[in-house]
Amino acid sequence: MSANKIYDLVVIGGGPGGGSCAYYAAKNGAKVCLVERRKILGVPLSCAEGISKSGLESCFQPRPNWIATNVSGAHLHAPSGIKITIHHPDAGYILERKIMERDIVGLSALAGAEIMTQTTAIDFIYNGKTFEGIIAVHRNKRIELCAKYVALACGTDNRLLNKLGLNPYIPPDDMIVSAEYVVGGIPVDEGYPEFFLGNEIAPGGYAWVFPKGNGLANVGIGVGFERLNGKLAVDFLNKFIHEHYRTRYEIIERITGVVPVCGPLKHLVHKNVMLIGDAGRVCDPFSGGGIANALLSGKLAGEAVAKALSGEDLKIYENNFFALKGRELEVHRIARKILITLSDKELNELGAIVDELYGGKTFSAIDSIEFLKEIFLKHPRILLLARKLIPALFK
Amino acid sequence: MIILDKELCTGCSGCMMLCPQFAIYQIDEYPMIDKSTCTLCGVCVSGCPVGALKFLGDGMNKE
């Protein structure tokens, strides 16, 4: 790296979104530099590692070592304890995300991107009109990186959004606080991630058990910030495990995270800066899953940079992203708002509806919007809520 | 003052997402709080999934 080099693109953050962006920009001819705060890519993990097959494969062909287990369906547990099983062969994967994250950044390096770890972006170089690059701390030294475009894939770093002049404030009820253990000794059904709903178990969120193979599982919980009620997310997790599993188990890793489920920012392009992944709040507000949309937003942003270098408007990034994901994210955002208002009794009723329509059956594809529409239509009070809240659903 | 218990902190940086004042930053492994902008609102204290952020003097003698 020479002092006066001007990159086409500086990417802040080497998670799935930043890696994907750097890869697709470099592959399409852009001169890219990716900066990452951490020493080791992928560590610490802050993720449950589930992804749909289409969500991953629309951006990357997975290598075998990215996959911990294949997902062939799911078990849903209503608050009453009733278990609903849906079969969906090839639905998705439970990832070895640390490996995948490192590999994607590796792929971008092979495509020509420069990678700087232990490099924390702290500000932008701004000329009053556009952003000309970033200021960063690289192993205790202040550096400047000049670039025509900047991609913000910095996950939780709201300070950088604030410095762009965007208001990164997220209402407390739109934040899910999560704790997860990687455990050995808890019985799992290989191929079937489990989801547990209930206002006692996980108010404003849900608990999950994802099989990781070789007897391991990701056991986690997400709770709405405003529903913590003086308790910690990890307290909910310990209680959940204590009440559901009587076997001896060992925790081999402790993982935490905060997920913004407010839905995407209105604009993902701000002057010559693009917002990717959680920085753009593009994670799925219904499931809290963030990897697929981070990969996709990174890919579209990387491709948009390559096109912008030959004269197109950078806005094609946000237009393309919303064309693919806008309606889904909006429906999922409101669906979550509806779901968190339901009592356990209503959740049980909803569970019975899901059981009747989907329980024990095998599907080759489930469209989430159709799924939500179908189950909401069958419950009178939820239908009422849904009609009011989701015009998009009934268009 | 809010202090960080590094034994509990997983380094997830979720507190940076939680802080309504954007007063938390992270240069390396652990988050740091900018005392000039922190209003001691306590959102990070109640929101940290593992309770690694605490008001000074609060809960220090427990366990």
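The structure this text deals with has already been given above.
Participant: Break down the overall build of chain A for me, citing the residues and quoting the values.
Facilitator: Along chain A, the regular secondary structure elements total 10 helices and 16 strands. Against the compact-globule benchmark of 21 Å for 395 residues, chain A has a radius of gyration of 21 Å, which places it among compact chains. Viewed in the frame of its principal axes, chain A has a C-alpha envelope of about 65 × 50 × 40 Å. Residues counted as buried form 58% of the 395 residues belonging to chain A. When contacts within chain A are restricted to residue pairs at least 6 apart in sequence, long-range pairs at least 24 apart make up 68% of them. Counting only carbon and sulfur atoms, one obtains 52% of the accessible surface of chain A, whose full area is about 16,200 Å². Across chain A, the 45 positively charged side chains and the 41 negatively charged ones have centroids separated by 4 Å.

Participant: Explain the packing of aromatic side chains to me, and be specific about the residues and the numbers.
Facilitator: Residue and element names in this part refer to chain A. Per the counting criterion, the structure on display carries 15 aromatic pairs over all chains. With centroids separated by 6.3 Å and ring planes inclined at 75°, the aromatic side chains of phenylalanine 240 and tyrosine 245 adopt a geometry described as edge-to-face. Note on accessibility: phenylalanine 240 and tyrosine 245 belong to one class, buried. By way of ring pairs, the aromatic residues Tyr23, Tyr24, Phe60 and Trp66 are connected into one cluster. In this arrangement the basic side chain of lysine 231 is found over the ring face of phenylalanine 236, its NZ or CZ atom lying 4.5 Å from the centre.

Participant: How would you sum up helix 6 (residues 291-309) of chain A? Please name residues and give values.
Facilitator: All names here are of chain A. Helix length check: helix 6, at 19 residues, gives a terminal C-alpha distance of 27 Å against a target of 27 Å (1.5 Å per residue), a fit within 8%. Extensive coverage of helix 6 is indicated by the burial of 15 of its 19 residues. The positive-phi residue at the C-terminal boundary of helix 6 is glycine 311, with phi of around 105°.

Participant: Requested: an account of the sheet that holds strand 3 (residues 50-52) of chain A, with residues and values cited.
Facilitator: By definition, the strands of a sheet pair up through backbone hydrogen bonds, in either a parallel or an antiparallel sense. All names here are of chain A. One open sheet accounts for eight strands, arranged 3-5-4-11-12-13-10-14; its pairing is mixed. Since the sheet does not close on itself, it has two edges, and those belong to strand 3 and strand 14 (250-260), each with one partner. Pairwise comparison of adjacent strand axes, ignoring direction, gives a mean angle of 30° for this sheet. Sheet analysis places strand 11 (residues 194-196) next to strand 12 (residues 206-213), joined by three bridges and oriented antiparallel. Its bridge partner lying in strand 12, glutamate 194 is registered against valine 209.

Participant: With reference to specific residues and values, describe the interface of chain A and chain B.
Facilitator: Chain A puts 33 residues into the contact, and the matching count from chain B is 26 residues. Where chain A abuts chain B, roughly 2,300 Å² becomes buried across the two surfaces, and 67% of that area is made up of carbon and sulfur atoms. Between the two partners, chain A and chain B, sit one salt bridge. Between arginine 159 of chain A and aspartate 34 of chain B there is a salt bridge; the shortest N-O distance is 3.2 Å. Of all the secondary structure elements, the ones that give two or more residues to the side of chain A that touches chain B are strand 7 (119-126), helix 4 (158-163), strand 10 (175-184), helix 5 (233-244) and strand 14 of chain A. Looking at the side of chain A that touches chain B element by element, the count peaks at five residues for strand 14 of chain A.

Participant: Describe the pattern of salt bridges, listing the residues and the values that go with them.
Facilitator: Residues and elements named next belong to chain A. A complete count under the given rule lists 23 salt bridges over all chains for this structure. Ionic pairing is found between aspartate 8 and lysine 148, a salt bridge with its closest N-O pair at 3.0 Å. Taken together, the positions of aspartate 8 in strand 1 (residues 6-12) and lysine 148 in strand 9 (residues 141-152) put the pair 140 residues apart, joining distant regions of the chain. You can call lysine 148 partly exposed: its relative accessible area is 44%. Between lysine 337 and aspartate 174 there is a salt bridge; the shortest N-O distance is 2.8 Å. One end of the pair, lysine 337, is in helix 7 (residues 316-339); the other, aspartate 174, is in the loop between helix 4 and strand 10, and 163 residues separate them in sequence.

Rules of the game
Residues numbered from 1 in each chain as written. Chains lettered and ligands numbered in written order. Predicted model: local features only at pLDDT ≥ 70, side-chain atom pairs only at ≥ 80, totals over all residues. Heavy atoms only, no water. Helix = DSSP H or I, 4+ residues; strand = E, 2+ residues; numbered from the N terminus. Rg over C-alpha atoms; globule rule 2.2 N^0.38 Å. Buried < 20%, exposed > 50% of the residue type's maximum accessible area, 1.4 Å probe, protein only. Contact = heavy atoms within 4.5 Å. Areas by Shrake-Rupley, 256 points an atom, 1.4 Å probe, with all protein chains shown as cover. Lys, Arg positive; Asp, Glu negative; His and termini not counted. Charge placed at Lys NZ, Arg CZ, Asp CG, Glu CD. Phe/Tyr/Trp six-rings, centres within 6.5 Å; stacked < 30°, edge-to-face > 60°. Lys NZ or Arg CZ within 6 Å of the ring centre and 35° of its normal. Expected span 1.5 Å × (residues − 1). Pairing = 2+ DSSP bridges. Axes fitted to C-alpha atoms, helices over the stretch in contact; angles between N-to-C directions. Buried area = accessible area lost by both parts, 1.4 Å probe. Salt bridge = Lys/Arg side-chain N within 4 Å of Asp/Glu carboxyl O.

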